[in-house]
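Chain and residue survey
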Amino acid sequence: MYDYDLLVVGSANADLVIGVERRPAAGETVLGSDLVVHPGGKGANQAVAAARLGARTALLARVGDDAHGRLLLDSQRVAGVDTVGVLVGGAPTGVALITVDPSGDNSIVVSPGANGRLVPKDVRAAGSLLEASRVVSAQLEIPLETVVEVVRTLPSDTRFVLNPSPPRPLPADVLAACDPLIVNEHEARVIAGDDLGGTPEDWAAALLALGPRSVVVTLGAEGALVADGEAMTRVPSVKVEAVDTTGAGDAFTAALAWRLGTGETLPEAAAYAARVGAAAVTRPGAQESFPTSEEVAAL
């Protein structure tokens, strides 16, 4: 019996957003809108998305002992995430400084802060959390050696899901544990190299050759491609009026990881995750846009 459907091991950031008419040139100062602070970070986003859908969710992360850290902890608890694994202190909370122009284009500078202090010994100390979790999901906004330790500590019957964002080449033991590895085209090219061929099926085949048990390639409005070595299946998206795509990939990953833990096949879980991602883009923001299971069913 598992205490948690999903354990997310990853980042927690405060997103500091300012709207600007145009981004400044070197040495230039421009005036912007009022500062808006949102809870964010790929790990925190995934945990909130899963919990809002009804998954029993825990988060293993690190935040600073500061106002941003308290904001992130509050957002997790309100969503229903168990924060027993969230460590406090060691560095200021991670921050993303975001400027957004009228066209919606943004520029982002990330200070990892406490995310960079989530280290392998923290994973080892949280061994009971991993033992209690049906599925573990991770990303790469924390040190790679911490993700490696997750794989080494992972119980044999616990499934591992990885979204390698921001992308970087991955060790063979991490790739071998992924079931699935979830990537977009850019991430696929960083991990497998630029010589991938022209279709998502080519990308998935190149990634599978590196050792993952399964691969999901996200294709935005075109849905997703799932591949497990035996078959490749296209999963269509749900047509909606997109307002803001921020966090939609995190919602997709969280939903897919949770549904795999319930026993669904990879194509079934990806189809559900595509509906979750579609619902998320119909509202502005990241965590505040994530749907409940009732809202997903309404699609």
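Residues numbered from 1 in each chain as written. Predicted model: local features only at pLDDT ≥ 70, side-chain atom pairs only at ≥ 80, totals over all residues. Heavy atoms only, no water.

1. Remarks on the nonpolar core
Ranked by size, the top nonpolar core spans 44 residues in total, and within it Leu53, Leu59, Val216, Phe252, Leu256, Tyr272 and Val276 carry the most contacts. Contributions of two or more residues to this core are made by β1 (4-9), α1 (42-53), β4 (57-63), α2 (67-79), β12 (224-227), α9 (248-261) and α10 (266-280). Discounting chain neighbours no more than four positions away, the residues touching Leu53 are Ala255, Trp258, Tyr272, Val276, Pro291, Thr292, Ser293 and Val296. Residues Val9, Val136, Leu144 and Ala204 belong to the second largest nonpolar core, which totals 42 residues. (Core = buried A, V, L, I, M, F, W, Y, C linked by side-chain atoms within 4.5 Å. Buried < 20%, exposed > 50% of the residue type's maximum accessible area, 1.4 Å probe, protein only. Helix = DSSP H or I, 4+ residues; strand = E, 2+ residues; numbered from the N terminus. Contact = heavy atoms within 4.5 Å.)

2. A short note on α10
Spanning 15 residues, α10 covers 21 Å between terminal C-alpha atoms, matching the ideal 21 Å at 1.5 Å per step. For α10, a buried count of 11 out of 15 residues is recorded, marking the element as mostly surrounded by other parts of the structure. Looking only at α10, the buried set comprises Leu266, Ala269, Ala270, Tyr272, Ala273, Ala274, Val276, Gly277, Ala278, Ala279 and Ala280. (Expected span 1.5 Å × (residues − 1).)

3. Quick notes on the sheet that holds strand β10 (residues 178-183)
Taken together, 9 strands build an open sheet; the order of strands is β5-β4-β1-β8-β9-β10-β11-β12-β13 and the sheet is mixed. The open sheet has two edge strands with one neighbour each: β5 (86-88) and β13 (232-235). Looking at each pair of strands side by side, their axes are set apart by 20° on average, direction ignored. Examined bridge by bridge, β12 and β13 share 4 bridges and lie antiparallel to one another. Looking at β13, one finds that Leu225 is bridged to Arg234. The strands touched by helix α5 (residues 144-153) within the sheet are β1, β8 (133-138) and β9 (159-162), with β9 carrying the most contacts at an inclination of about 160°. (Pairing = 2+ DSSP bridges. Axes fitted to C-alpha atoms, helices over the stretch in contact; angles between N-to-C directions.)

Interpretation in functional terms is not warranted from these geometric data alone.
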